[in-house]
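Per-entry structural report
The lines below spell out each chain.
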Amino acid sequence: MSSPEPNVRGARTPRDTAAAEPAGLAETPAETPAPAAPRSEGRHGPVVAVTGAATGIGALLAARLAESDEVGRLVAFDERRGETEAAQWHVMDVRDPAIAEKLSGVDVVVHLAVDVNLETDPVARTAYNVRGTQTVLTAAAAAGVHRVVLLTSAMVYGALPDNPVPLSEDAELNATEDATGVADLLEIERLAKRAPRAHPGLNVTVVRPAALVGGVDTPLTRYFESPRLLVVKGSRPCWQFCHVADLASALEFAALGKAEGELAVGCEGWLEQEEVEELSGIRRMELPSAVAVGAAARLHRLGLTPSPAGDLAYTMHSWVVSGSRLHDAGWRPQWTNEEALAALLAETSGHHTVAGRRLGRKDATVAGAAGATVALLGTAAAVRQIRRARRGRI
């Protein structure tokens, strides 16, 4: 779900070598030699810091805060300098404990330096995400920051057949850790719960968006890159999206303290699977649950696809959220589910995915003729054939 780069295309991906190093041991780039941005005359409000501010959702939020008359000053952190000139930039790894010194005088931190890139090594990704969040929370408390805003995903509620539609913010976090990145998100949620107890006076707000669209690359956006939409027989999926522009708006709302606690954010309402198929023009292909899940698990285990079988649950069952706390505080999304889906389809046009794996143009022609699910099962059958052939040579 940084900015996260929550997988915003072009978003930052931490260096593989740095991702495996403990905070404080990786070499910290020199801070960009730019003067501190002065508070604009007549502007009063909190000093807000944003991590992961150079790209993706972080860049969107930084641009919004820089224009807001409700923000006194903007401080930005990333491993490279971004384009928001009004910010005071610190070029550094958020796992470096020296970040505490840079947070002096800051009132609010919005932590978006979270890596959810599908191509990142999962072990390195978890090390970066968890250690980064721990360091930022500890540094914020040490610097006297009043509020930290963390970004996870509505995926933490889990996609279960008996989920109410919609889920309230207070619903239990029933997600398992076998979907892409969800283990990291659940650990960030646990850190958010513990932080106020460990650091009295520190307020922690968690923002949980629905399925993100708008320049992002996730297992759920790749679902719509397939020639056919896989539908598991007997399932009744509901689709709710969150455009990154609305997410940036909700994060600004949280940063300014207009809503607190656990905040779910998404478009109003949801779309049934039949509506998604009609709007997208992409036909479905149905499979029994055991066949679909079993094939997905085998392909992932063999390293042929990036998505574990756990990702399928989020296309089978509802995880729609109400967003009532933001609504009660006066926030409203500007995008509808229909508009968000149209934007997603426009962005994914020309991309071809089978079982979560991006294909080249030649492969995509074959997949387009057979259908994504047929290709998935065909690949699984081919793997079994290879295994039998190998056993026959022994």
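Residues numbered from 1 in each chain as written. Predicted model: local features only at pLDDT ≥ 70, side-chain atom pairs only at ≥ 80, totals over all residues. Heavy atoms only, no water.

The chain has the name NAD-dependent epimerase/dehydratase family protein in an unreviewed UniProt entry, where Streptomyces polyrhachis is given as its organism.

With that out of the way, let us pick up the confidence of the model for the chain. Predicted confidence across the chain gives a mean pLDDT of 84, with 78% of residues reaching 70 or more. Every residue in residues 352-375 scores below 50 in pLDDT, and together they form 45 contacts with partners more than four places removed in sequence or on other chains. (pLDDT = per-residue confidence, 0-100. Contact = heavy atoms within 4.5 Å.)

Turning next to the sheet that holds strand β6 (residues 203-209). Read across the sheet, 7 strands follow the order β3-β2-β1-β4-β5-β6-β11 without closing on themselves; strand pairing throughout is parallel. Bordering the open sheet on either side are β3 (88-91) and β11 (262-265), each of which pairs with just one other strand. Sheet twist, expressed as the average angle between the axes of neighbouring strands with direction ignored, equals 20°. With 5 bridges joining them, strand β1 (residues 47-51) and strand β2 (residues 73-78) adopt parallel strand pairing. When the sheet's bridge partners are listed, T51 is paired in β2 with F77. On the sheet, helix α2 (residues 56-67) packs against β1, β2 and β4 (108-111) and is oriented at approximately 165° with respect to β1. (Pairing = 2+ DSSP bridges. Helix = DSSP H or I, 4+ residues; strand = E, 2+ residues; numbered from the N terminus. Axes fitted to C-alpha atoms, helices over the stretch in contact; angles between N-to-C directions.)

Backbone torsion omega between V165 and P166 reads 0°, so that peptide bond is classified as cis. Looking at the element boundaries, P166 is found in the loop between β5 (147-151) and α5 (182-198).

A separate point is the side chain of N129. On the secondary structure map, N129 appears in helix α4 (residues 122-143). With near-sequence residues (within four places) excluded, N129 lies in contact with V114, D115 and D184.

Moving on: helix α12 (residues 337-348). Every α-helix carries 3.6 residues per turn, so stepping three or four residues along brings you back to the same face. End to end, α12 covers 16 Å across 12 residues, agreeing with the expected 16 Å (1.5 Å per residue, within 8%). On its buried face, α12 sits against β7 (211-213), α6 (219-223), β9 (238-239), β10 (241-243), β12 (271-272) and α8 (273-280). (Expected span 1.5 Å × (residues − 1).)

The next point concerns the pattern of salt bridges. Enumeration over the complete set of coordinates arrives at 19 salt bridges. Across the pair E260 and R147 runs a salt bridge, and its minimum N-O distance is 3.3 Å. With a gap of 113 residues between them, E260 in the loop between α7 (244-255) and β11 and R147 in strand β5 connect regions that are remote in the sequence. Judged by its relative accessible area of 16%, R147 is buried. (Salt bridge = Lys/Arg side-chain N within 4 Å of Asp/Glu carboxyl O. Buried < 20%, exposed > 50% of the residue type's maximum accessible area, 1.4 Å probe, protein only.)

Side chains Q88 and H90 project from β3 onto one buried face, and the interleaved W89 and V91 project onto a second face that is buried too. Sheet analysis places β2 next to β3, joined by 4 bridges and oriented parallel. By the bridge assignment, F77 is partnered in β3 with H90.

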